[in-house]
Structure formats: C-alpha cells, structure tokens
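Chain by chain, the residues:
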Amino acid sequence: MNSTNIINQPLSGLGYLLKGIQLLRHPQLRIFVLIPLLINVLIFASAFWFLFSSITAWIETYMQELPTFLSWLSYILWPIIIFTILFSFSFIFSTIANLIAAPFNGLLAEKTEILLTNAQINDDGWQDIFKDLPRILKRECQKWVYFLPRMLGCLILFFIPVIGQTIAPIVWFIFAGWMMAIQYADYPFDNHKVSFVTMRKTLATRFGKNITFGMIISFCTTIPLVNFIIMPIAVCGATAAWVDIYKQQVLDDPLNRID
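All values derive from a computational prediction rather than experimental measurement.

Draft legend 1. Layout of the environment of Val-41. Looking at the secondary structure, you find Val-41 in helix α2 (residues 30–52). When its relative accessible area of 28% is taken as the criterion, Val-41 is described as partly exposed. Separated by 188 residues in sequence, Val-41 and Ile-229 have C-alpha atoms that sit 7.9 Å apart.

Encoded structure:
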C-alpha cells in the first residue's frame, strides 16, 4: 500500500471503519496492533464467558418486573433486552479494554497518522509509553467524568415502567455510539494535545458522521470474533478521519491546544 494513495476525501462513518480495516493490514502498522489486539481478546473472551452463563437469569428477572397486564409485551421485549444486555456488556468491557490499552492505542494512532501524512508527529516510541501514562490516564478520567452522569441517566430509564423500559434500549444505543466516537477519535486528538472540550465540540459539528461511526463500532462489539479486532480497526479509522477532516481545522487555532 502506498501512503500517498491512502488520503481520500472525507468518507461516511462506515467508510472510515472500512478504511480502518484497510490500514490495519499495512505492514508498517502490524506490530503496533499486536498489544491492543491481545488486550481486547483476553478481556472479551473473559467477558463473554461470564455473560453467556448468566444472561438467561438476568432477562427473566427483568421480565418479572413488567406489570401482569403487559405480559404480552414479553414477545417484543425479549429480543430487545437480549440485544441491550449484549450491547451494554460489550460496551462496558470495551471501555475497560480501551482504558488498559490507551497508551498503545495512542501509539497506533500516531503511527497511522505518520503513514497517512508522511509527517512526523512526536518522537515517541515504545519506550515513551510509560512516560506519558499520567497524561493518558488523566485524559481517560476526563472521558469518564463526561460519560458517567449520562450513563446513569440512561440506566434510570430502564427502571421506569413501560415507556422507560421500551425506549431505554434505543437511547442507550444512540448514546453509546456517541461515546464510542469520542473514545476512538480522542487518540489522534490527544496526540496533538487538543483539549477534551475542543475535541467534543469539533466532533459535534459532524454529529451524524460520528454517531454512525460509533454505533457501528458498538454493534461490532456484540459480534463474537469481530469484537476481538474492532478496537485497532476503530483507532485506525478515527485517525484517518482526523487527518481528512479535523486536523487542519483544529490545529490552525492555537487556543485548541493544551499543555
């Protein structure tokens, strides 16, 4: 693959995910994919073993909370609840995997950007990952400060009879897509020390593209085997979007940078 042929016009959310797959196969990136991939495999294998041993009991408990006169809804809600549990479980463990793999995902995003632009970003390498851990962990904490109150709001909906229980899976799916978009876009933004607030506002200007990207990632985390490789694909795809769409726009304004 020739790096000069990689940069294209802005794509759709799905287009950037497919571009991530294309980039993942590049020989220059394979070594940087290895550790995030192993982390994802270990966490998701453990998570799904636990999930499939417990999911039936969880669903039955949830269905018992429905009023008797709405028991007919069980045929409609059963598949929705299964998908919601799978999706929520996948999201939670994907977030844990991203937290553990954050330093390596940042390095993968950096090497992907170098491949796409032929321009050096930092002088970082494997040896510099531990040096940057405090800054990386601080950034991950910023994401959680933003995510947690909104996640709790979605969770409360699940306990509101009928209306809440019906719309909660939909609201959760949409919001989780937005969280996934933020999670993966943050790696290339953070590599250039763009503030978290600026990053969110910038992504919101193309909300449709980013929510589509995030929702597809979220859906992929529920598919066995696919969920093992979706993390590095998403990092590469989000980095390609950064290069194509946001980099020049954001870096032209020095006020967007952080220390």
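Draft legend 2. Expanded view of the side chain of Asp-190. By the element assignment, Asp-190 lies in helix α6 (residues 163–191). A distance of 2.8 Å separates a polar atom in the side chain of Asp-190 from a polar atom in the side chain of Arg-135. Setting aside residues no more than four positions away along its own chain, Asp-190 makes contact with Arg-135 and Arg-139.

Draft legend 3. A look at the packing of aromatic side chains. Following the criterion strictly, the structure yields 7 aromatic pairs and no others. Grouping aromatic residues by their ring pairs yields a cluster made of Trp-144, Tyr-146, Phe-147 and Phe-196. Its guanidinium or amino end placed over the ring of Tyr-187, Lys-143 lies 4.8 Å from that ring's centre, counting from NZ or CZ.

Draft legend 4. Focus on the pattern of salt bridges. Under the defined criterion, the tally for this structure stands at 7 salt bridges. Its salt-bridge partner being Lys-143, residue Asp-186 comes within 3.1 Å of it at the nearest N-O pair. Linking Asp-186 in helix α6 with Lys-143 in helix α5 (residues 133–157), this pair joins segments that are 43 residues apart in sequence. Taken individually, Asp-186 and Lys-143 each receive the classification buried, so the pair is uniform in this respect. Through salt bridges with shared partners, a single network forms among Arg-135, Arg-139, Glu-140, Lys-143, Asp-186 and Asp-190.

The rules we used
Residues numbered from 1 in each chain as written. Predicted model: local features only at pLDDT ≥ 70, side-chain atom pairs only at ≥ 80, totals over all residues. Heavy atoms only, no water. Helix = DSSP H or I, 4+ residues; strand = E, 2+ residues; numbered from the N terminus. Buried < 20%, exposed > 50% of the residue type's maximum accessible area, 1.4 Å probe, protein only. Polar contact = N/O pair within 3.5 Å; in protein donor to acceptor, adjacent residues only side chain to side chain. Contact = heavy atoms within 4.5 Å. Phe/Tyr/Trp six-rings, centres within 6.5 Å; stacked < 30°, edge-to-face > 60°. Lys NZ or Arg CZ within 6 Å of the ring centre and 35° of its normal. Salt bridge = Lys/Arg side-chain N within 4 Å of Asp/Glu carboxyl O.

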